[in-house]
Amino acid sequence: MDVLVLKAPAKLNLYLRVLNKRPDGYHNIETIFEKIGLCDTISLRRRRQGIKVFCRHKDVPGGKANLGFKAAQELLKHAGCSQGVEIEIKKKIPVAAGLGGGSSDAASVLLGVKRLLRLQIPQKKLLKIAAKIGADVPFFLFSGSRAIGRGKGELLKAVNIKRKKWYVLVVPRGLAVSTKQMYQRIRRITLTKRPYGVKIMLRALERNDLTAFNRYSYNSFEGMLQKKYNHVLEIKKALTTLGVDAALMSGSGPCVFGIAASRKEAMYVSEQLSAKKRHWRVIVARTY
Ligand code: ATP
């Protein structure tokens, strides 16, 4: 096998609460991650030596600054492997939107290069390498679609809810948010509502109770970003006007997603928004 093609799915945070700052500079969080079927495509090809990364997206660096490069480099170093790999990334996941695209690409590179070069690396070690690359990367190595993330987001616990959901994602065009900066500014956080715990949120998800979901869902960054760009409430209002019962911002934003009752509703909402709001990128996706 000389070539391997993999899908790298995006994630949503159905709940994201920043708890406190740690001595190492990171923040402890409590989150519910979910993979969705909006995917980048990663093609890996063997090379005799060296790592090369190609990506045509204007906001994604090629070469060493790409998270895919870092993933391959760390993996080859830990495996003591002298071979190389060429990585081609076709982006479909909006960049710097709170959808975890870079982290997912990195995780796919870890899994793919391990398989392509038949590297003997235990899962525990792989998870350690993943956490070093980024706090969201371990979740993408996790086999389930949903998980609770604690610590920096790398301490994962499976969520055993099988029901798949349809989402309408709205990403304001030209608005990229740096996750690092959002965490640096979290001290000045403005709470929009009192956070409930993840347990009650999971119950709402299990019962498919979207009204309860809307009540108990939470994102620590929402208030901050609403204050800065004013887009969160505007998108939520547009979604609810079209009949969507629950909406939340994902990660450190700016993507805001609505949960639709069915594929039909998701398609309808997406068509309406795409026609009226040209400055928004609207995407329909389902649980992965
Ligand atoms: P998260 O929700 O995990 O914080 P995000 O979805 O907000 O992430 P990404 O799309 O992962 O953000 O991109 C964050 C930054 O990482 C971008 O500014 C981009 O230039 C850089 N980057 C490096 N490699 C990649 C990659 N493979 N795909 C996307 N962005 C990458």
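Note: the structure precedes this text.
Notes on the structure follow. Here the structure is a predicted model, which means the values were calculated and not measured. (Residues numbered from 1 in each chain as written. Predicted model: local features only at pLDDT ≥ 70, side-chain atom pairs only at ≥ 80, totals over all residues. Heavy atoms only, no water.)

## Considering the site of the ligand
Put simply, the rule is: Throughout this document, a residue counts as near a molecule or strand when at least one of its heavy atoms sits within 4 Å of that molecule or strand. Nitrogen and oxygen atoms within 3.5 Å of one another constitute a polar contact, given that in protein one can donate a hydrogen and the other can accept it, and given that sequence-neighbouring residues count only through two side-chain atoms. With residues, only the protein chains shown are counted as cover, and all accessible areas are computed by Shrake-Rupley using a 1.4 Å probe. Only runs of H or I of at least four residues qualify as helices and only runs of E of at least two qualify as strands under DSSP, and these elements are numbered from the N terminus. Residue polarity is assigned by list, with Asp, Glu, Lys and Arg as charged and Ala, Val, Leu, Ile, Met, Phe, Trp, Tyr, Cys and Pro as nonpolar; anything else, Gly included, falls into the polar class.
In the region of the ligand, 21 residues are neighbours, and A96, G100, G102, D136 and T179 sit closest. At a separation of 3.2 Å, an oxygen atom of the ligand approaches a polar side-chain atom of K11. Here an oxygen atom of the ligand sits 3.0 Å away from a polar atom, N or O, in the main chain of D59. Expressed as a share of its isolated accessible area of 620 Å², the protein-covered part of the ligand is 81%. Ranked by the residues each element gives to the shell around the ligand, the list is headed by helix α2 (residues 101–116), at four residues. Of the residues assigned to the shell around the ligand, the class counts are nine nonpolar, seven polar and five charged.

## Some words on the nonpolar core
Note the cut-off: We call a set of buried residues a nonpolar core when its members are Ala, Val, Leu, Ile, Met, Phe, Trp, Tyr or Cys and they connect through side-chain atoms within 4.5 Å of each other. When a residue's accessible area, from a 1.4 Å probe over protein chains only, is under 20% of the maximum for its type it is buried; when over 50% it is exposed; and in between it is partly exposed. Note on contacts: a residue pair qualifies if any of its non-hydrogen atoms lie within 4.5 Å across the two residues.
Among the nonpolar cores identified, the biggest contains 37 residues, and L44, I87, L110 and V113 are the most heavily contacted of them. Put simply, the parts of the chain that give this core at least two residues each are β1 (3–21), β2 (27–47), β3 (51–55), α1 (67–79), β4 (84–90), α2, α3 (123–133) and α4 (137–141). Here the element with the most residues in this core is α2; it accounts for six residues. Once residues within four sequence positions are removed from consideration, L44 is found in contact with D2, V3, L4, L6, V85, E86, I87, V109, G112, V113 and L116.

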